[in-house]
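Each chain, letter by letter, is given below.
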Amino acid sequence: MHLSRRTLLSATGATAAVAATSATALVATAGAAQAQPAAADGTVGTVGIDALLQRAETLLTGGVFDASDADFAAAVTTLDTTAKGLWDTLDRSAGRTALWPDLSPVTDPGNFGQSYTRLRALATAWATPGTSLAGSTEAADALVAALRFAHDTAYNPAKRETGNWWFWEIGAPRALMDCSVLLRDRLPVADLTDYLAVVDRFCPNADRRTNSPTLGETGANRTDKAVVVALRGLLGQDASKLASVRDALSDVRDSGRNSLFRYVGSGDGFYEDGSFVQHDVVAYTGTYGVILLGGAAYLLSLLAGSEWAVTDAKVSVMYEAVERTFAPVVFDGLMMDAVRGRAVSRERAGDHRDGAAAVAAILLLATGAPAAYADRWRELVKGWLTRNRTTPFAALATLPQLALAKAVLNDSGIPAGERTTGHFVFADMDRVVHRQPGWACALSLSSKRISAYEAGNGENLHGWYTGDGMTYLYDGDDLGQYNDGFWPTVDPYRLPGTTVDTRQRTDLGTGAGTSTFRPTNAIAGGVVLHDRYGASAMELIGPAGTTLRARKSWFLLDNAVIALGAGITSSDGRTVETVVENRNLGAGGTQRLLVDGARRPDELGWTQDFDRAGWAHVEGVGGYVFPDTTNLRALREERTGTWRAVNTGADTGGSTDPVSRRYLTLWLDHGVSPTDAGYAYVLLPGASAAATAVWSYSRPVRIVANDTTAQAVEARRHGLTAVNFWGAGTAAGITASGPASVLVQRRGPELTVAVAEPSRTLTSLTVELPFPADRVVTADDSVSVTTGRRPVLTIAVGGSRGHTHTATLS
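Every chain's residues receive numbers from 1 upward, in the order its sequence appears when written. Local features are withheld for residues below a pLDDT of 70 in this predicted model, meaning they are given only at 70 or higher, and side-chain atom pairs are given and counted only at 80 or more; totals for whole chains, interfaces and linings count all residues. Excluding hydrogens and water, the side-chain figures rest on all heavy atoms present in the structure.

1. Considerations on the confidence of the model for the protein
Quick note on the threshold: The predictor attaches a confidence to each residue, called pLDDT, with possible values from 0 through 100. Residue contacts are defined here by distance: any two heavy atoms, one from each residue, within 4.5 Å place the two residues in contact.
Mean pLDDT over the protein works out to 92, with 94% of the residues at or above the 70 mark. Of the regions scoring below 50 in pLDDT, residues 252-256 engages in eight contacts with residues more than four places distant in sequence or in other chains.

Right, dumping it as structure tokens:
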């Protein structure tokens, strides 16, 4: 079903009372997620296992709702349509060798893993009033028999793990336990005993990887396993299992080293700067981070009020992550692709779907979080939901998620929050996000610390350049840019913001297991001033097979992003390009292109070189200014690809159906084997053609350095000077003793300085300023200042992991 133009939740005909009734039932069943302290008489919870099992069922079905409500009716219809399709194709014959023809042989881990997932969908429909399978004895019997078949044939304690461990230890057991919760009154005791035994074999606890017992589980994998063990404990009436889940979240047996409720300084988990990392070196807020948040919210709700309720006060780390980690990377309900890793290649998991998963997790967490958090989150979420009319939440939500969303939307006491604004440097995952009221820009960087891309298990086959400074531009009027067939159709050699060697590349990650590529550069990151302005830098060192080197900077201001490149050098005999824009125009887009005020052809296949281009404008997107005039190349084309070409994964692989989209590409050709080439261009998101022309003429931001020593700009109207130093040097009158990103702003008598050391190679850094100051107003503990005609800041950057240090002088 094509959902790109559907409206949000059709509030027409749906009363607030209906939504409130459904949500209240869900929340009451889920319980308060906040810590449950012991009562005065020493008891620690009154909710028993039977009530928790009913709670687990409600978290799957949504509990009581009014099926006559238009939104709930639509959700039931969607569930029913899916279930009927699965029911009609389910092999129920006595001699079957698989449950579904396309998942044969069932002994393959991907096939039995997906078989359990489909059985859960059928069981959910069976347990949900209003579907064609609801309460059906035939369906219940068929489900019981199918679970038995899968167990006897493919997934039982006698089997040995092969292929992808995830199916054995997380995917299959979670779906099996969910099915068992829904069918618990119909399952023979012997069958349930067998299913508990298989979970005990492959997921005995949340702490360890079963196929590698010395490997401790972290992050989202740990939460996933904790959910499996919790459901197993409930179904088996095993209090020790439930206690182990509670303890696993804080990891009291491991001195908290793998606790989900703490900030980490390396490896997997949440960082204090808002970063989230999984697989040790991958920026993964949008997938694994959401899974962790959703799993934690589920467990907090599931166990609340019982003797196994989470009482760890450090659960506040999870609460803080909503606004610190997730809000900056959610734009009107979609999740930015810069933090979705290899999931960008999944046809059925676009940015809107992962965004909806984040919304659902936040709403569930809010059911029991302290009001000071929950009230803010609901306003934030309401703003996302009301602004996203491209792929509305209702089209993606389950019934329980829908109930929580409708309660927020229909509560007039909850205002719709404005878009998040500000500049965010996620130094611990090499990501930068710059947000203005009408647009947002995300930079995907990489270094020897954070992978440029992850591929594997057949996923993300063309992700070669996604971490080389890819620049994502989000516009509130174009929420489909990266969700509308972008990844199977975009030219993977021409991702916006990247500087690339045009050599042919081979597919990534075609084998089992996942792998990452980390370049050898140290410099990647940036600095932030007043949560408003930013300067970011990345040294580009190409992988084996290319000698390409470049030094790239981005200066992010109120209405402009200034991109500079220097030292672009290669000796491989191939053309090197920098991509200014590669805009997805949709299936039939003819958005107007102006270059220096003249309209250019709309015909597909049109291409042209502009020897001395000064500015360009793309209708509905914004302006592009080339301060020194440049040789600009432009192309309109229609590109056709398939999701299968970028993802052949066993459970995530895309279809072979051709997808066609039109693109408008702007790039700079540095020639064959360039030596010390450079570039300079300015992005003006949302600017009109007239405003772009004025900007090009007036030059409110001046480029004062663009070489291999430093790249610097001045925005005099803001009193702002921004410099990225690649080593010791001087630019714009500012001197640094080593690699540094520096922002200085003069406002009245005060001078505010922000400094970061993005290479993380120094212990101390000095910065000398050309502006006199005789008094220190404020300074971070890491900053000492010698005042005078040319004040000097000495910053203790060792151990600061590229984060910003600030001081204000007068």
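2. Re the sheet that holds strand 28 (residues 720-725)
To be explicit about the condition: If DSSP finds at least two bridges between two strands, the strands pair. For helices the rule is a DSSP run of H or I covering at least 4 residues; for strands it is a run of E covering at least 2, with both sets numbered from the N terminus onward. Here an angle of 0 to 180 degrees is reported between the N-to-C directions of two axes, which are lines fitted to C-alpha atoms, with helices fitted over the stretch in contact.
Pairing in this open sheet of seven strands is antiparallel, and the strands run 26-27-28-31-32-37-34 from one edge to the other. Both outer strands of the open sheet, strand 26 (701-706) and strand 34 (776-779), are each paired with one neighbouring strand and no more. Going across the sheet, the axis of each strand differs from the next one's by a mean of 10°, ignoring polarity. Sheet analysis places strand 28 next to strand 31 (residues 740-747), joined by six bridges and oriented antiparallel. If you follow Asn724 over to strand 31, its bridge partner there is Ser741.

3. Focus on the sheet that holds strand 4 (residues 276-278)
Paired through their backbone hydrogen bonds, the strands of a sheet run either parallel or antiparallel. Read across the open sheet, the three strands follow the order 3-4-5; overall the sheet is antiparallel. On the outer flanks of this sheet lie strand 3 (269-270) and strand 5 (282-283), each paired with one strand and no other. Pairing of strand 3 with strand 4, which is carried by two bridges, proceeds in the antiparallel orientation. Paired with Gly269 across the strands is Val277, a residue of strand 4.

4. Observations regarding helix 2 (residues 49-61)
As a reminder, the rule being used: The span one expects for a helix is its residue count, reduced by one, times 1.5 Å. Exposure is judged per residue with a 1.4 Å probe applied to protein chains only, and the accessible area is read against the type maximum: over 50% gives exposed, under 20% gives buried, and values in between give partly exposed.
Look at helix 2: 19 Å from first C-alpha to last across 13 residues, which is about the 18 Å you get at 1.5 Å a residue. Here helix 2 lies mainly inside the structure; 10 of its 13 residues are buried. Directly beyond the C-terminal end of helix 2, a positive phi value near 95° is found at Gly62.

5. Notes on the packing of helix 6 (residues 165-182) against helix 8 (residues 219-235)
Worth spelling out the cut-off: For any pair of crossing helices, the crossing counts as left-handed if the nearer helix is rotated counterclockwise from the farther one by less than a right angle, and right-handed if it is rotated clockwise.
Two elements in contact, helix 6 and helix 8, have axes whose closest approach is 9 Å; the angle formed by their N-to-C orientations is 35°. Along this stretch, helix 6 crosses helix 8, giving a crossing that reads as left-handed. On the side of helix 6, the interface is formed by Trp165, Trp166, Glu169, Ile170, Pro173, Arg174, Met177, Asp178, Ser180 and Val181, while helix 8 contributes Asn221, Asp224, Lys225, Val227, Val228, Leu231, Arg232 and Leu235.

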